[in-house]
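Listed below are the residues making up each chain.
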Amino acid sequence: MLDPLKEIEKRQPFTFEETEDDSFALPQAILENITDGIMNLDAFGRITYMNKAAEKMLERPRTDLLGMSVWTSFPTAVGTPLYDNYLASMATQRTHSFDFYYSAINRWFKFHAYPGKDLFTILFRDITIRKNNEKLRKESEQMYKMIADNSTDMISRVSMDGIYLYVSPASKTLLGYEPEELLGLNMYDLLHPEDFPNEDNASIKELIDSKTMLTEYRIRRKDGTYIWFETTARTILDPYGLRKEIISVSRDVSTRKHVEKQLLEANELLQKMSTVDALTGVSNRRGFDEYLKKEWKQCSRMAVPLSLILIDIDYFKHYNDTYGHVEGDICLRLVAESLKKAAKRSIDFIARYGGEEFVIILPSTDASGAQTVAEHLRMQVEALQIPLTRSEGCSYITISLGTATMIPTRDSDPKELFLRADKALYQAKQEGRNLVRLYYGND
């Protein structure tokens, strides 16, 4: 095969007028208006035609190029893949397609070479933006891979049905699994049974209906133990806008969850301590006030009666004076325990209101039921037979009880229920003590 450069030296360039013939296979008007660059070469590599798009992309006017050898016009292209592909295409007479970076103008081109016996046609387009984007994407992928490979968080790609598609090396440290061991497994198979998505706990499946979310759950390690994972996840869409997969970043938050649990237990203990009477173990006045407000609202919504029993230990001051405060404290604890046993429903609430006074709240209980419970309480305490030698008319500790019942409304006040029970208790004490009295009023 002849060397194109040596052949060029033997021949003179033709003039622009020599190209004005009917050799174009397509109308020139069409070629001048397409966006791809087109260049025709004769058998000796001389440019016989180039369209406006070629002028623009190569940044050279065709008036300076027509009739000139392409290799003398663009000498920096000699010895490059463009030159090699030209020779190969001429030798084989086969179409060649290839990408080429032209350093002279810092542009990437996609070339399609169409060889012929007397005409060599080159069609090309500028792909610089695409190449730059590919470079940036490759650099980003390398950066993300470096981050994923070295991050202490476990980064994973999960299909919409939960299958692991990619897992970063942190899985070995966090879960005890090599990344390859998790590929193809379903993440749901590793979840703690109590955290598996269901109607009550659908946090993970909510990913299907959201783009980004943060969730916490327990996941099983290879050794069978569980750790707490905090996962930030994002759904990835395919080109059609459909959910394709989930990208997640997970970290071990077991230590934090343990601390949170301890704080919660401590807060619950403090809350309990703030509403429990330290001496008797039943609720204190604060606990009573909170429970009464809650049950008042509940019974108001349901339009059911709420009853209250106010209790006072008879002659307790005399008991303290006779046996001392230590024995007095023991007496209070015994009475409180007896009251707890007598009020059997879990919703019945007992509190020490102050001193030797106790109060019991009976939700959804009418006046007759409250009287029955009160009488039972009175007999239970009397059956304790706690000695009281200085009492008037009885040799044992007894209690007096006043009951009141109301159907709460939004306009009524729970304090009124307490005041009514207090009036009934006063009546029981006035009539001789160790009695149960109901509140009877005009309202």
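Procedures and definitions
Residues numbered from 1 in each chain as written. Predicted model: local features only at pLDDT ≥ 70, side-chain atom pairs only at ≥ 80, totals over all residues. Heavy atoms only, no water. Salt bridge = Lys/Arg side-chain N within 4 Å of Asp/Glu carboxyl O. Helix = DSSP H or I, 4+ residues; strand = E, 2+ residues; numbered from the N terminus. Buried < 20%, exposed > 50% of the residue type's maximum accessible area, 1.4 Å probe, protein only. Expected span 1.5 Å × (residues − 1). Arc of directions from axis to C-beta. Contact = heavy atoms within 4.5 Å. Pairing = 2+ DSSP bridges. Axes fitted to C-alpha atoms, helices over the stretch in contact; angles between N-to-C directions. pLDDT = per-residue confidence, 0-100. Parallel < 35°, antiparallel > 145°, perpendicular 65-115°, else oblique. Left-handed = near helix turned anticlockwise from the far one by under 90°. Nonpolar A, V, L, I, M, F, W, Y, C, P; charged D, E, K, R; others polar. Phe/Tyr/Trp six-rings, centres within 6.5 Å; stacked < 30°, edge-to-face > 60°. Lys NZ or Arg CZ within 6 Å of the ring centre and 35° of its normal. Core = buried A, V, L, I, M, F, W, Y, C linked by side-chain atoms within 4.5 Å. Patch = residues over 30% accessible without salt bridge, like charges linked within 9 Å, V, L, I, M, F, W, Y side chains within 5 Å. Areas by Shrake-Rupley, 256 points an atom, 1.4 Å probe, with all protein chains shown as cover.

With respect to the pattern of salt bridges
Now for step 1: Inspection of the entire model under this criterion finds 33 salt bridges.
Now for step 2: The partner of Glu-245 in a salt bridge is Arg-157, with the nearest N and O atoms 2.8 Å apart. Linking Glu-245 in strand S10 (residues 243-252) with Arg-157 in strand S6 (residues 154-159), this pair joins segments that are 88 residues apart in sequence.
Now for step 3: Judged by its relative accessible area of 8%, Glu-245 is buried.
Now for step 4: Residue Arg-157 is classed as partly exposed on the basis of its relative accessible area, which comes to 33%.
Now for step 5: The network of salt bridges with common partners includes Asp-153, Glu-216, Glu-230, Arg-251, Arg-256, Lys-257 and Glu-260.

Considering helix H12 (residues 367-384)
Residue pairs three or four apart in sequence face the same way in an α-helix, which turns once every 3.6 residues.
Now for step 1: An ideal rise of 1.5 Å per residue puts 26 Å on 18 residues; H12 measures up with 26 Å between its terminal C-alpha atoms.
Now for step 2: All buried positions along H12 are accounted for by Ala-370, Ala-374, Leu-377, Arg-378 and Val-381. The buried residues of H12 occupy an angular sector of 100° when projected down its axis, which confines them to one face. Exposed side of H12, more than 90 degrees from the buried face: Thr-372 and Ala-383 are the residues found there.
Now for step 3: Contacts from the buried residues of H12 go to strand S11 (306-313), helix H11 (316-342), strand S13 (357-363), strand S14 (399-406) and strand S15 (436-438).
Now for step 4: Following H12 by one or two positions, Gln-385 has its phi on the positive side, about 55°.

What to know about the sheet that holds S15
Now for step 1: Spatially, S12-S13-S11-S14-S15 is the arrangement adopted by the 5 strands of the open sheet, whose pairing is mixed. Two strands bound the open sheet, and with one partner strand each, they are strand S12 (349-354) and S15. Averaged over neighbouring strand pairs, the angle between their axes works out to 20° when direction is ignored.
Now for step 2: Note that S11 and S13 share 7 bridges and pair antiparallel. Within S13, the position partnered with Leu-310 by the bridge is Val-359.

Digging into the confidence of the model for the chain
Reading predicted coordinates in detail is not appropriate for stretches of low pLDDT.
Now for step 1: Residues of the chain with pLDDT of at least 70 account for 89%, and the chain-wide mean is 86.
Now for step 2: Low pLDDT (under 50) marks residues 15-20, which in the prediction has 3 contacts with non-local residues, meaning those over four places away or in another chain.

Details of the packing of H11 against H12
Now for step 1: For the pair H11 and H12, interaxial distance at closest approach is 9 Å and the crossing angle is 140°. By the angle class used here, H11 and H12 are oblique. Crossing angle aside, the handedness with which H11 passes H12 is right-handed. Facing Leu-334, Val-335, Ser-338, Leu-339 and Ala-342 of H11, the residues of H12 in contact are His-376, Leu-377, Gln-380, Val-381 and Leu-384.
Now for step 2: Here the contact of H11 with H12 is built from residues that sort into 7 nonpolar, 3 polar and no charged.

A few points about the packing of aromatic side chains
Now for step 1: Applying the stated criterion across every chain, the model contains 18 aromatic pairs.
Now for step 2: With a centroid separation of 4.8 Å and an interplanar angle of 90°, the aromatic rings of Trp-71 and Tyr-83 are classed as edge-to-face. Note that Trp-71 is positioned in helix H4 (residues 70-73) and Tyr-83 in helix H5 (residues 81-92), a separation of 12 residues in sequence.
Now for step 3: Under the relative-accessibility criterion, Tyr-83 is labelled buried at 9%.
Now for step 4: Here Lys-257 stacks its cationic end above the ring of Trp-228, 4.3 Å away from the centre of that ring.
Now for step 5: Directly above the aromatic system of Tyr-315 lies the positively charged group of Arg-433, at a separation of 4.6 Å from the ring centroid.

Focus: the pairing of strand S3 (residues 96-102)
Put simply, side chains in a regular strand alternate between the two faces of the sheet.
Now for step 1: The pairing of S3 with strand S4 (residues 107-114) spans 7 bridges and is antiparallel. Pairing of His-96 across the sheet is with Ala-113, part of S4.
Now for step 2: Joining the antiparallel neighbours S3 and S4 is a turn of 4 residues, in which Asn-106 adopts a positive phi near 55°.

Quick notes on the nonpolar core
Now for step 1: Core analysis: the biggest nonpolar cluster contains 29 residues, and Ile-311, Leu-339, Phe-358 and Ile-397 have the highest contact counts within it.
Now for step 2: Looking at which element gives the most residues to this core, the answer is H11, with 8 residues.
Now for step 3: If sequence neighbours within four positions are ignored, Ile-311 has contacts with Leu-339, Glu-356, Glu-357, Phe-358, Ile-360, Leu-377, Ile-399, Ser-400 and Leu-401.
Now for step 4: Listed in part, the 27 residues of the second largest apolar core include Met-39, Ile-47, Ala-53 and Ala-54.

What about a nonpolar patch on the surface?
Now for step 1: A surface patch of nonpolar side chains, about 410 Å² in accessible area, is lined by Met-143, Tyr-144, Met-146 and Ile-147.
Now for step 2: Its place among the elements puts Tyr-144 in helix H6 (residues 128-150).

A closer look at the pairing of strand S9 (residues 226-237)
Now for step 1: As paired strands, S9 and S10 are joined by 9 bridges and run antiparallel to one another. Looking across to S10, one finds that Glu-230 is bridged to Arg-251.
Now for step 2: In sequence, S9 turns back onto S10 through a hairpin of 5 residues, with Gly-241 there showing a positive phi of about 85°.

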